[in-house]
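Summary of structural features
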Amino acid sequence: MAASELYAQYARVWLPDAREVWKSAELTKDYRPGDLKLSVQLEDGTEVEHKIDPRTNSLPPLRNPNILVGENDLTALSYLHEPAVLHNLKVRFIDSKLIYTYCGIVLVAINPYESLPIYEADIINAYSGQNMGDMDPHIFAVAEEAYKQMARDERNQSIIVSGESGAGKTVSAKYAMRYFATVSCSSSEASVEERVLASNPIMEALGNAKTTRNDNSSRFGKYIEIGFDQKHCIIGANMRTYLLEKSRVVFQAAEERNYHIFYQLCASSHLPEFKAFKLGCADDFHYTNQGQSPVIAGVDDAKDMCNTRRAFSMLGIGESDQMVIYQIIAAILHLSNVEVKDQSAERSSISPDNVQLVVFCELMGVPREEMAHWLCHRKLTTTTETFVKPVSKINAVNGRDALAKHIYARVFGWIVCSINNALKSAAKQSSFIGVLDIYGFETFDVNSFEQFCINYANEKLQQQFNLHVFKLEQEEYMREEIPWTLIDFDDNQPCIDLIEAKLGVLDLLDEECKMPKGSDDTWAQKLYNTLLKQNAHFAKPRMSNRAFIVHHFADKVEYQCDGFLEKNKDTVNEEQINVLKKSKVDWLLKLFEDDEKATSSRSKRPSVTGRAGQSQRDNKKTVGLQFRQSLHLLMDTLNATTPHYVRCIKPNDHKSPFIMDPVRAVQQLRACGILETIRISAAGFPSRWTYQEFFSRYRVLMKQKDVLQDGKQTCKNLLEKLVTDKDKYQFGKNKIFFRAGLVAYLEKLRSDKLRMACVRIQKTIRCWLARKKYLRMRESAITIQRHVRGHQARCYVKFLQRTRAAVIIQRNLRMCVMRTRYQQQRSAAITIQCFLRACMARKLYYKLVFERKAVVIQKWIKGWQARAHYKRTRSAIVLLQSCVRRMKAKKELKNLKVEARSVERIKKLNVGMENKIMQLQHKINEQNKDNKELSERLNSTEKSQTAEREKQNREIENLRRSEQEANTKAAALPSLLEQLSFLQHELENIRKEKEDLEEHTKTYKEQTQQVVDDLNMKNSLLNSEKDELNKQILEQAAQLQDIRTNVEDAKRLEKDLTEERYRYQSLLSEHLHLEERHRDAEEEMNLCNSSNKSTHKRTDSNYSSNSSEFSHSLGSTEGEDSAIQIEDEMQATVDLPVLLKLQRKVKELEQDKQSLWQQLENREEAQQEQEKEVEEQRTVGRAELDLETLKWQELDSENKKLKQNLNELRKSLTNEGSELAPPPAGSLPYNILLEQLSSSNDELEMRKEEVLLLRSHMVRQEALKHKDSVLGEGLKLDLGDIPSFPDVDRSTNIHTLNEDGELWLAYEGLKETNRILECQMQEQKRASDEENRKLLDELNKFKAEKEQQQKLLTQSLLLPEDARIEASLKHEMTRLTSENLELMVQQEQQEATIRKLKKQLKVHIKRVEDLETSAHQKNKAPVATSPGRAVNITRKEKEYRGMLEYREGDETRLVKKLVTDLKPRGVAVGLIPGLPAYVIFMCVRYADNVNDDHRVSTLLNSTISGIKGVIKKRGIDFEVVSFWLANTCRLMHCLKQYSGDEAFTTHNTAKQNEHCLANFELSEYQQVFGDLAIQIYRQLIKCMEDLLQPLIVASMLEHETIQGVLGSRPTGLRKRSTSSPEQAVTVEVLLQRLGAFHTTMSQHGMDLDLIKQLFKQLFYVISAVTLNHLLLRKDMCSWSKGLQIRYNVWHLEEWLVEKDLSDCGAKETLEPLIQAAQLLQINKKTEADAQIICSMCTALTTAQIVKVLTLYTPVIEFEERVSTTFIATIKNLLKDRVESTTLMMDAKKIFSITLPFSPSCVALETIQIPASLNLGFLSRI
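Below is a short write-up of the structure. (Residues numbered from 1 in each chain as written. Predicted model: local features only at pLDDT ≥ 70, side-chain atom pairs only at ≥ 80, totals over all residues. Heavy atoms only, no water.)

**Thoughts on the packing of aromatic side chains**
Applying the stated rule across the entire model yields 39 aromatic pairs. Aromatic pair Tyr119 and Tyr175: ring centres 3.8 Å apart, planes at 5°, arrangement stacked. Highlighted residues: Tyr119 in the loop between strand E6 (106-110) and helix H3 (121-127) and Tyr175 in helix H5 (residues 169-183), separated in sequence by 56 residues. According to the relative accessible area criterion, Tyr119 is buried, its value standing at 11%. The buried category is assigned to Tyr175, whose relative accessible area is 19%. With a centroid separation of 5.0 Å and 55° between ring planes, the pair formed by Phe694 and Tyr698 is classed as tilted. Take Phe694: its relative accessible area is 0%, and that puts it in the buried class. (Phe/Tyr/Trp six-rings, centres within 6.5 Å; stacked < 30°, edge-to-face > 60°. Helix = DSSP H or I, 4+ residues; strand = E, 2+ residues; numbered from the N terminus. Buried < 20%, exposed > 50% of the residue type's maximum accessible area, 1.4 Å probe, protein only.)

**Observations concerning the nonpolar core**
In terms of nonpolar packing, the biggest core is built from 325 residues, with Phe180, Phe548 and Leu1634 touching the most fellow members. Top contributing element to this core by residue count: helix H45 (residues 1563-1598), with 19 residues. Counting residues in hydrophobic clusters, the runner-up holds 18 residues, among them Tyr691, Val723, Tyr729 and Val743. (Core = buried A, V, L, I, M, F, W, Y, C linked by side-chain atoms within 4.5 Å.)

**Points about the environment of Asn573**
If you trace the backbone, Asn573 turns up in the loop between helix H17 (564-569) and helix H18 (574-581). Separated by 196 residues in sequence, Asn573 and His377 place their C-alpha atoms 9.2 Å apart. Beyond its immediate stretch of four places on either side in the chain, Asn573 contacts Trp374, His377 and Arg378. (Contact = heavy atoms within 4.5 Å.)

**What about a negative patch on the surface?**
On the surface, Glu993, Glu995, Asp996, Glu998 and Glu999 cluster together to form a negatively charged patch. Along the chain, Asp996 turns up in helix H30 (residues 973-1092). (Patch = residues over 30% accessible without salt bridge, like charges linked within 9 Å, V, L, I, M, F, W, Y side chains within 5 Å. Areas by Shrake-Rupley, 256 points an atom, 1.4 Å probe, with all protein chains shown as cover. Salt bridge = Lys/Arg side-chain N within 4 Å of Asp/Glu carboxyl O. Lys, Arg positive; Asp, Glu negative; His and termini not counted. Charge placed at Lys NZ, Arg CZ, Asp CG, Glu CD.)

**Comments concerning the sheet that holds strand E4 (residues 47-51)**
Taken in spatial order, the four strands of this open sheet run E1-E2-E3-E4, and their pairing is antiparallel. Whereas interior strands pair on both sides, the edge strands pair on one side only; in this sheet they are strand E1 (12-17) and E4. Along the sheet, successive strands turn relative to each other by an average axial angle of 50°, direction set aside. Of the pairings in the sheet, the one linking strand E2 (residues 21-27) to strand E3 (residues 37-42) comprises three bridges and is antiparallel in character. Paired with Leu27 across the two strands is Val40, which belongs to E3. Of the strands in this sheet, E1 and E2 touch helix H2 (residues 82-95), which is tilted by about 100° from E2. (Pairing = 2+ DSSP bridges. Axes fitted to C-alpha atoms, helices over the stretch in contact; angles between N-to-C directions.)

Structure follows, in structure tokens:
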């Protein structure tokens, strides 16, 4: 592949960037060789030109296709380089929220800085037993790989966890250890796993501290070896520590803390046990307040102190040792506050009375004067003398700090040794897994001796890592037998030699430490002089003479020489140690025993130089030498193990969750060796696919003729055709190896091919759509034309009709016009005549009127003149009278004025004036009201008069007109006058009618007003009723609310009951488990005792007596000693409430027993008296009864003989081929035979009557015999009370007929017949109900399909045309696929039916042939005639009582035969289900019948113990557990059914009610057997889960049943755990296993309700396990996998319908899995899609929905990933959901079980015991 092919237009590349390190861009032009610039466009749309270096001609790295982004393994990327690695990690971490990624053999873990729900126990169970490449990357996968390789290869393993501070090393190591503790089982008596995990809190408290980068940073390295035995169970552990940061004890930088233990002690100082330490706040001490950050957010130091103390106790460190440890650590805190006073430049002092010093010396138990002295002085020893020299204040403070560091280091070392001793095991260690938690590469602004040692260790680890990666690469090539060359990689051996070789940095440092006057400056000069020119990895800073630079593999680091010598020497004043050795604390002396031993060993050696101090100083190992030796030992250990690498990455320095700083990430990737792994992989063949994966992926690039039978050759031909450069790939034995970038090139070719195919498909479909649209338009146009032409024709016809109608209308209109004109002319002539005549009449009339008016005028004028004269005269008289009266009035007025001025007058006038005024005012108001009423009436009258006037005016006008007409019609004047009078008369009538109407209207108004009043009253009543109804509604609403609350309370109570039942069953299982453990311990103790006593042997009786706890609690009380023994044994197994309950029940049973014994004695006495009387009657009737019995037997034998003769006769008549052929009809022999037949029939009828009479007589004799006995007290045969009915034809009456009990027998027969008919009717009703139910199910199914079709139709109508077509095509494809699948299933079922019928047909044919041959042989055989009369000996028919008799002491034998040694397979085939339960219950009935409570308790307790023993020994055998679950439930139901309780006997027959227990009430045993059934049920669930577990994931997820739907692409993951190829596990295999379960349980007679509960539990397990694996496997979250899951779930649902288990609730348990599959297939783009998802996924939690959307991975280029905005929308919509926050479903959850009562229809008296059971010692009664 040339560069021009890869760097073409639209190719995407990575460009370097200062802020983001690498930035994505796209080529806008093709690259041609020789170009010096690349034209690219950034993602933000900016177009830039990238310059190409002409010297190197290096092009920017290419970007991987989108389909490869987000890979689980970085080495699976096609282009392997730094930007690809960084981008893949960024996509997984930020977008997918995945913190783990593989990089070849390395697990890259990025610290998320928040807790994630991916470390629960169910996650551990999901990863347990899985291959590393099968699941998503996880720390558990690495731990499982190490555990599996240790178990498989028997080789020690190591997990190396490294990274810089804050990257999460300690947490990763902790989770790895927790995984080992969970998946392995402890082999010792105590839990080793808990002790191993308990070491973590202790080491974190004493070795971890807060830094600026991490709140819980490990300040030491540790390597923990977890030991395993031969069974791979943890037996112990051992810990090694490296380079504890002792300087942190005395100094902390800003924003940092000291070790956690100091702050935990200060936070717990208020506790009583810590009062003596005199601690306070952490800010009060110098060693804990330097960082000014004493509190960590979210951390409770007091709570952590409790965890630390609990861990100490768990590891066996006593309380006294703990208190001494805390005492010494508190003393260190007080030592920090000891103040040193400066006396001079070379002298200092400490007061012995210093408070802090006093507390320190008290806690340490040392003399304070000596300690104060030696803190400020030091001893110098020479050859001749020893003298004491004071030290300065600075040296004194340094000496104090050195002492504190030394004490803390000794305490830390002692605790590590104690932990190792606690974790040490006496058992032999077979192998171990080491977990190395060590500091990563560190570089700070100021780097000192600690950073130098840390980086030195990382150099060694990186060298070992490079060699291991190189080794694995070469082994892969050699295993596949491909040619390979040595891969060149950077070797850091020169840098290691610089540090540890002779005359290296550490060697020169040790040499300088031995010099008397050595210093950091002289050591730096030696480094410059020795190493500067000899080693390229060593350099000197330009501006400093006290530092040096080392070029490490990750980066160059500058180290400051200050403090190197002091830290390397790690010296402490020996006199101070001697003072500590004088301590009164014994525990403190143990810390310095090693010093004493070393000192004594050194004193024994001869001194060569004679200088003791010099020899001690020379022999003491430096810190650097110790670290180098321990590091070499660690490397030897790692090289002897198989390493597994975990590289922890810190995403940012701000501790922000899920935010990645690219610069910091790249620095760590370079430092931890990830990029080196990528470089080594890229140098070889990084992409490796199997031939089948390659063929499946790139089959689209082949033609049909290129596909050969040999798949390898096909792949080779394709690659040679596509890639000309053969160096780009290699063919191995099982895989094809590709160079970097070749897979991307092949993906590009595949994408182009698919794109062209898509274009062709689109072209064809668009052509089809366009043609379909054209045909539809053409058909529409033709239809429109047809309708238009029809419309035109109809319009033309209508035009013709209208034209004809117009002609007719014109004709009639013209006729009408002419007729009208004629009539007008005629009317005009008549009118003219009328007017002429009227004019003449008016003239005459006017003349007469004129004359009449003249006379009237004269009359009025004369009258007016007379009246005027009279008025003038009267006015003059009135005037005169007025004047006179005025004069009199004025006089009177003057008099009145004079009177009015007087007061008395005024008073008189005013008397009663106010009342009058009020009365007048009242009258005025009344008058006003009357006036208003009158005015209203007047107005109404005026209105009515006005209306009447108007009407009269209109009438007058009419009259005037009529008058005018009358005037005009002079000739008709009389007639008009008559008409006028008539009209006046009518007017009067109208007026009267009007008055009547007004009166009627008034009455109507009054009535209306009354009606309105009534309506108002009714309205008010209705309103009141409405108010009452509203009140009632409110009351009913309140009642309804109460009912709802009651219903909710009932539901809640029901839920609480279910939870309580589940808790009870869980506690019961735990209780039974503890019982088993207790029993095992007792057996082991008995075995130990038996081994100690050689003569002791264990017998069956001994076993039965110790086998069950119930034999002591429910047995009979025989004495005080036995009761005491019962109490003692019950205390070990039963809790106190159960014990009290059982004791109370025992007392009640004793009382009942005494009363029953007394009643029995009374009855026995009465019975003995009556037996004497009955004996006499028996002797009388016995002879007669024996005679009748003999007669009945004789008649019965004759009857049988006659039947036999009749049958032979019939055979001879029907056998045509024989010699005795029947004679022809009408012949003499024929008639004789007929007569004989009729006579024999008559005789037969007579014999039947005689037999009937004899039987009735025998019944009567038996009844008479027992009539007076105790058993016959309830029997009454008084037939004399029956009235007689006369009969004409019969001489006997009904008493004579019934004297032998015939009517009673007939009545019993009729009852039995009615019962049979009733059963048949019930069966028919049940069958019809079942048929109706099936029809309703089909109807509902059709309705659902119809609704679905309507819904799809409505949805498609809302879509645009293209989307509608696409949706219809997709729906059609889905429908056709489902129909094809259904047809395939039906075809398979029909084929299976055909095969079955063929087999049956062959069997029947064979049977017919056998019958024919046997019949032929019978015909040939001679007919044997009997020599004489045959004598038949008949056996008496026995009536069994449904009991089994056994001897006392046979219980153990019975349980052994029937429980312990029984094989379920032999019993389940051919015998009735539940036979052992019936046998045991029949024995219980016998014990109840003989009234022996000891037998009952012994038998039931032995049965319980036997069943428990079988379940314990053979609990993994499904058939055994299923068999005994069915029998245990059946025995429990029998105890209920035959208990006599009315609640359980309703379905019993009369015979079954007779078999009820008579003497004992066994309700307590019912509960015991119920608990036992629950235990067996849980064991059965576990057994079935173990059998199904390997099939679930393989059949439901991994197997591709629908081949070629879309095809999931190969991921390229490396399967590091080799496994043999197994047969493909399909969903059919899973269904076969489920069918086997169902068949076995049905054969065992298990209750249907119990079977339904079992399969509900199994389907829940299938759903939970499948969903959990789906949530943990990114490669399974795709559209095609969702289709596959739905197909498999459909198979499960069909299986449920086939087995009639659709109503058991199993379908509901599959709902989460169905919704997850739908979630994979639904659109995930718009907000509407988010709404649909939220409403659809109700069975999934928010975490599960988000996880599925996050893991969704496209398998083809045309799919898209789910955007982060869409996921954020989903989270926002689901934020108000109240649900669990756990990610995984609880696969271990077991639903609570209910054991409904199921009566048995089996009659106990009909049960027979087969001989195969070897129960001959039982006899039926």
